[in-house]
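Chain by chain, the residues run as shown.
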Amino acid sequence: MQFARELEGRYTYADLLTWDDGKRYELYDGEPVALASPLIPHQRISAELYVQLHGYLRGKRCEAFYAPADVRLFEREGDRPEDVKVVVQPDIFVVCDPNKLDDHGCKGAPDLVIEILSPSTQKMDRLVKYKLYQQAGAPEYWIVDPVSRIVSVHTLEDGCYGSPVVDNANTKITVGVLEACEIDLTMVFPDREA
């Protein structure tokens, strides 16, 4: 891939917007990382989570979105695309402040971020993105593990994520940032015959 331009060895959101090679990228402190296509089990889980969230949010102020959509975690009012060096594409995210949304995605931290682990993203989701979402102030971060069929819920307390609450495939899980919203994990992780 021929990148449009390089700024001191780093790229910005302005650069990312010009790349047209058909690949999806995230930026970590100006460093581009190409994203692989998700596997079918990942897609099934993502679709079910989105359907349940979208159904609950219909007619409400908050909105749910799914990848690919850009989240510029540290973008502030007045920033230009040239100023933005961190861009992620969470599997699913919920935004309750419509002022954070524009045609390209979300400016700042969403209220809820959900990442579904894949072999190629596991380290990034558990370490790098965990730290970025915490630093950006995302109130709730879910890590969904399709293999172990669990969801780890990380809630921001005093600027840090506390110990996760872990729910398994046989439970309903409460969305902390959405009043009276529960996700049925029996639908997210259905028993499938081989």
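That block above? That's the structure.
Reading the values: the criteria
Position numbers for residues count from 1 along each chain, tracking the sequence in the order it is written. For this predicted model, a pLDDT threshold of at least 70 governs which residues receive local features, and a threshold of 80 or more governs which side-chain atom pairs are given and counted, while totals over whole chains, interfaces and linings are taken from all residues. Processing note: side-chain calculations cover all non-hydrogen atoms of the structure and skip hydrogens and water entirely. The salt bridge definition used is simple: a Lys or Arg side-chain nitrogen within 4 Å of an Asp or Glu carboxyl oxygen. Here, any two strands with at least 2 DSSP bridges between them count as paired. Working definition: helices are DSSP H or I runs of at least four residues, strands are E runs of at least two. Numbering for both runs from the N terminus. Whenever a pair of cysteine sulfur atoms sits within 2.5 Å, that pair is classed as a disulfide. Think of it in three bands: residues with accessible area under 20% of the maximum for their type are buried, residues over 50% are exposed, and the middle band is partly exposed, with areas taken using a 1.4 Å probe on protein chains only.

(A) Seen up close, the pattern of salt bridges. What the rule picks out here adds up to 9 salt bridges. A salt bridge links E82 to R80; the nearest nitrogen and oxygen atoms lie 3.7 Å apart. Taken together, the salt bridges that share partners define one network made up of E26, E115, D125 and K129.

(B) Region of the structure containing the sheet that holds strand β7 (residues 105-107). Taken in spatial order, the 3 strands make up an open sheet running β4-β7-β6, and their pairing is mixed. Only two strands of the sheet have a single neighbouring strand rather than two, namely β4 (70-72) and β6 (101-102). Relative to β7, β6 is paired through 2 bridges, and the arrangement is antiparallel. When the sheet's bridge partners are listed, L101 is paired in β7 with C106.

(C) Spatial organisation of the state of the cysteines. Enumeration according to the criterion identifies 1 disulfide in this entry. The disulfide that involves C62 links it to C96, with 2.0 Å between the sulfurs. Around the S-S axis, the bridge from C62 to C96 shows a dihedral of about 105 degrees and counts as right-handed. Remark: C96 occurs in the loop between β5 (92-95) and β6 and C62 occurs in the loop between α2 (40-57) and β3 (63-66); sequence separation between them is 34 residues. Note on accessibility: C62 and C96 belong to one class, buried. Among the cysteines around C181, which has no disulfide bond, C62 carries the closest sulfur, lying 9.7 Å off.

(D) Inspection of unusual backbone geometry at higher detail. P68 follows A67 through a cis peptide bond whose omega is 5 degrees. Following the sequence through the fold, P68 ends up in the loop between β3 and β4. Unusually for a residue other than glycine, R149 sits at a positive phi of about 60 degrees. Relative to the helices and strands, R149 is located in the loop between β9 (140-145) and β10 (150-157). The class for R149 is partly exposed, based on a relative accessible area of 25%. Phi at D158 takes a positive value of approximately 55 degrees, unusual for a residue other than glycine. As for its placement among the helices and strands, D158 is situated in the loop between β10 and β11 (160-161). Exposure remark for D158: the relative accessible area of 84% places this residue in the exposed category.

Taken by themselves, the reported measurements are silent on function.
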